[in-house]
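# Structural overview
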Amino acid sequence: MRHMLIMFTIIVLFSSTGLFAQDAENIEEISTLTSRWDGGSDVAIIDNYAYVTSGETGLQILDISDPEHPTLAGCYTDTMGSMNSIIISGDYAYIGYANTWDRPSYLSVLDMSNRLTPEQISSRIFGGPLRNIHLLDDQLYISSRLVGEENIHCLAIIDISNRQDPVTLGEWESEGFINHFFVVNDEVYIARENDLVVLDISDLDNISIAYRYEQMGGTRLFVNNNTIYIIYDSILQIIDVSDPEEPQRVGESQVPGACSTSHYELIVSANFAYVSTRGSYCEGGGFSCFSVTDVSNPAEPELVGRLDLPQTPQCFIIIDERVIAAERGGLRIFRISDRNSPETLGHFSTAGSMTWIYSQGDFTYIIANFEGEKEPDINMLRIFDTSEPDAPMLVNIVEIYGRSAQVFDNRLYNYDQGIYFSQSFSVYDLSNLENIERIYNLPVYQPGTIYPIFIEEPFFYLAQERVLRIFDISDPDTLLQVGAYNNHWDQGRGTKDILVQEGIIYLTGGQGGL
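Bear in mind that the values here come from a model prediction, so they are computed numbers and not experimental data.

Attention now moves to the overall build of the chain. Secondary structure summary: the chain contains 0 helices and 44 strands in total. Every one of the 514 residues in the chain was classed for burial, and the buried ones make up 50%. Looking at the chain alone, contacts between residues at least 24 apart form 39% of all its contacts between residues at least 6 apart. Surface exposure of the chain reaches about 24000 Å², of which carbon and sulfur atoms provide 44%.

Pasting the structure below:
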């Protein structure tokens, strides 16, 4: 269930009689509101659109003109495999694929002159998965792993001046993983596990190592004005290479880390270093975060800001005072005007599973439990205007507490088992769908998980495994418990569902019966 597609499809039934097997040909899909992405590894921007590579589910196109409410605007898919990396320049996008060993990977060139309907104009086969892509003028730099060679990576330089027919200008093989690389003029800085290599690419027929710095390896690097910023073992190191023969470590600073840590991105801009991190603690659990380090004084860099997140930004770009990040299953936008307190502006996610759906009038309500890389998971209520089923519109996204709900008289009654088995029952005001507010919260403790609820005015019936609670909801601002019943069922035979009809309460209890 954790990997169920989050998908709600609007279907129209043309048959005027009951729906039977022989009527299957009369079911037509009209539209899809949301479906789960297979990842979210890289992001690029054109105008007010963000393009996110999402593995096997293609290139996702989001409208970010309203950064607080990014919305899905389109999707480009093909049959070439798992989209991993993207760079956009002008009206062209370059996408690297990272397929498994049983099929080749590709470089694909797309015409983006129509922002919502990209068209492929050429592609090239590569032996192994394409990891990193860098564009400088009309040259594309690509790192990939060689097919059949476990420990050999390759840096390829491609001429894309003729986008219909990209041509390889030069290649360099590395005995060891290329964790990351950065291109500056006629040099390529390559971070490997145990060393940092600088390649001279002035002669593409004879690419050679200009410098090799032992014990200066890392996982992510950034180069700016003869200064290398590189992360190794959760330490951000600053290295002065103004004299490339004698590199000098001038400063270092701890960035967020744990027993096991991965750093996915490092960008240095305007005297600040920005890092995305996922870590796991030795005793269990973990974290995902975006952090800010002040590097204005290279000798004394200082971690100044941190934003903990349910998902790790796999890649991000910085535009003015905003960060636009691709994460597993979605997109997140940060505000960094205050470097000490970065904050989320907007968020779009499809990771997780849909747990509840309800439709009333022109609106459809969906609750999806979005998987976090740390506890707790996030439950999001999405509201769509489905008055035009072939063109549904997202009205609002609200973080709520529970995975299930009931709607009654402009109120949403929301419930779920919470962290560490504590539970809550909340009421949200739906009278203004663009500004939904929680107006009541009732902690509900053991015994028993909350199961489906039932509403029959003016009472609300809340069933747990061994207790049935009855509330008066005539005044939703002050819910009052007016009754309770202990069913005395043995463990494992608690209440599973409830129905109230003509003054009789029916409870199903699994093996406990009715």
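Attention now moves to a nonpolar patch on the surface. On the surface, a cluster of nonpolar side chains totalling about 400 Å² of accessible area is made up of L499, I504, Y506 and L514. With respect to the secondary-structure elements, Y506 resides in strand β44 (residues 504-508).

To continue, consider the packing of aromatic side chains. With the rule as written, the count across this model stands at 13 aromatic pairs. Between F290 and F334 the ring centres are 4.8 Å apart and the planes differ by 40°, which places this aromatic pair in the tilted class. Separated by 44 residues along the polypeptide, F290 in strand β25 (residues 286-294) and F334 in strand β29 (residues 330-335) bring together distant segments of the chain. Among the aromatic side chains, those forming a connected cluster through ring pairs are Y274, F290, F316 and F334.

Moving on: the sheet that holds strand β17 (residues 195-200). Judged by pairing direction, the sheet is antiparallel, and its 4 strands sit side by side in the order β15-β16-β17-β18 without closing on themselves. Lying at the two open borders of the sheet, with one neighbouring strand each, are β15 (180-184) and β18 (208-214). Pairwise comparison of adjacent strand axes, ignoring direction, gives a mean angle of 20° for this sheet. Two elements, β17 and β18, share 6 bridges in a ladder whose sense is antiparallel. By the bridge assignment, D200 is partnered in β18 with S208.

Formed by 36 residues in total, the largest nonpolar core has its most connected members in L221, I228, Y229, L236, L266 and F290. In this structure, L236 is in contact with Y229, I230, I231, G251, E252, S253, V255, L266, A273, T293 and V295, ignoring residues within four places of it in sequence. Y49, L59, Y76 and M83 belong to the second-largest nonpolar core, a separate cluster that totals 17 residues.

With that out of the way, let us pick up the layout of surface pockets. Taken as a whole, the largest pocket encloses approximately 1300 Å³ of empty space. Around the largest pocket, the lining comprises 48 residues; the ones closest to its centre are D42, R131, N132, E265 and C315. Listed by contribution, the elements that provide at least two residues to the lining of the largest pocket are β3 (42-46), β7 (83-89), β11 (130-136), β15, β19 (220-224), β23 (260-269) and β27 (313-319). When its residues are assigned to classes, the lining of the largest pocket shows 22 nonpolar, 17 polar and 9 charged.

Looking at where W37 falls in the secondary structure, it is placed in the loop between β2 (27-32) and β3. For the pair W37 and G58, spaced 21 residues apart in sequence, the C-alpha to C-alpha distance is 8.2 Å. Those residues in contact with W37 that sit more than four places away from it in its chain are V52, S54, T57, Q60, L62, L72, G329, G330, L331, F348 and T350. Of the polar contacts made by the side chain of W37, one reaches the side chain of Q60; its length is 3.4 Å.

Moving on, we get to the pairing of strand β43 (residues 497-501). Alternating residues of β43 divide into I498 and V500, all buried, and D497, L499 and Q501, none buried. Bridge count for β43 against β44 is 5 bridges, and the pairing is antiparallel. In the sheet register, D497 faces β44, and the bridge partner there is T508. Adjacent in sequence and paired antiparallel, β43 and β44 are bridged by 2 residues, among which E502 carries a positive phi angle near 50°.

This brings us to the pairing of β3. Most of β3 sits inside the fold, with 4 of its 5 residues counted as buried. Connecting β3 to the antiparallel partner strand β4 (residues 49-53) that follows it, the hairpin turn spans 2 residues, and D47 within it adopts a positive phi of roughly 50°.

Here the focus is the state of the cysteines. Counted according to the given criterion, the structure contains 1 disulfide. Covalent S-S linkage joins C259 and C282, the inter-sulfur distance amounting to 1.9 Å. Looking down the S-S bond of the C259 and C282 bridge, the torsion is 90°, so its handedness is right-handed. Taken together, the positions of C259 in the loop between β22 (248-254) and β23 and C282 in the loop between β24 (272-280) and β25 put the pair 23 residues apart, joining distant regions of the chain.

This part is about unusual backbone geometry. With a phi angle near 55°, N185 is a residue other than glycine that sits in the positive phi range. By the element assignment, N185 lies in the loop between β15 and β16 (187-191). Under the relative-accessibility criterion, N185 is labelled exposed at 63%.

By the definition in use, this model includes 11 salt bridges. For the salt bridge of D47 with R115, the shortest nitrogen-to-oxygen distance reads 3.0 Å. Of the two residues, D47 sits in the loop between β3 and β4 while R115 sits in the loop between β9 (105-111) and β10 (119-126), which places them 68 residues apart along the sequence. The exposure class assigned to D47 is exposed, which follows from its relative accessible area of 56%. In this structure, D429 engages R411 in a salt bridge whose closest nitrogen and oxygen atoms are separated by 3.4 Å. Placement of D429 in strand β37 (residues 423-429) and of R411 in strand β36 (residues 411-417) is noted, with a sequence separation of 18 residues between them. When salt bridges with common partners are traced through the structure, they connect R192, D195, R212 and E214 into a single cluster.

Further remarks concern the sheet that holds β4. Overall, antiparallel pairing links the 4 strands, which are arranged β3-β4-β5-β6 in an open sheet. Only two strands of the sheet have a single partner each, and these edge strands are β3 and β6 (71-76). Each adjacent strand pair in this sheet contributes to an overall mean axis angle of 25°, direction not counted. Bridging between β3 and β4 involves 5 bridges; their strand directions are antiparallel. Following the sheet pairing, I45 is matched in β4 by A50.

The rules behind these values
Residues numbered from 1 in each chain as written. Predicted model: local features only at pLDDT ≥ 70, side-chain atom pairs only at ≥ 80, totals over all residues. Heavy atoms only, no water. Helix = DSSP H or I, 4+ residues; strand = E, 2+ residues; numbered from the N terminus. Buried < 20%, exposed > 50% of the residue type's maximum accessible area, 1.4 Å probe, protein only. Contact = heavy atoms within 4.5 Å. Areas by Shrake-Rupley, 256 points an atom, 1.4 Å probe, with all protein chains shown as cover. Patch = residues over 30% accessible without salt bridge, like charges linked within 9 Å, V, L, I, M, F, W, Y side chains within 5 Å. Salt bridge = Lys/Arg side-chain N within 4 Å of Asp/Glu carboxyl O. Phe/Tyr/Trp six-rings, centres within 6.5 Å; stacked < 30°, edge-to-face > 60°. Pairing = 2+ DSSP bridges. Axes fitted to C-alpha atoms, helices over the stretch in contact; angles between N-to-C directions. Core = buried A, V, L, I, M, F, W, Y, C linked by side-chain atoms within 4.5 Å. 1 Å grid on protein atoms, 1.4 Å probe; cavity = no way out; pocket = protein on both sides within 12 Å on 5 of 7 lines; lining within 4 Å. Points joined across faces, edges and corners; volume = space filled by probe spheres on them. Nonpolar A, V, L, I, M, F, W, Y, C, P; charged D, E, K, R; others polar. Polar contact = N/O pair within 3.5 Å; in protein donor to acceptor, adjacent residues only side chain to side chain. Disulfide = S-S within 2.5 Å.

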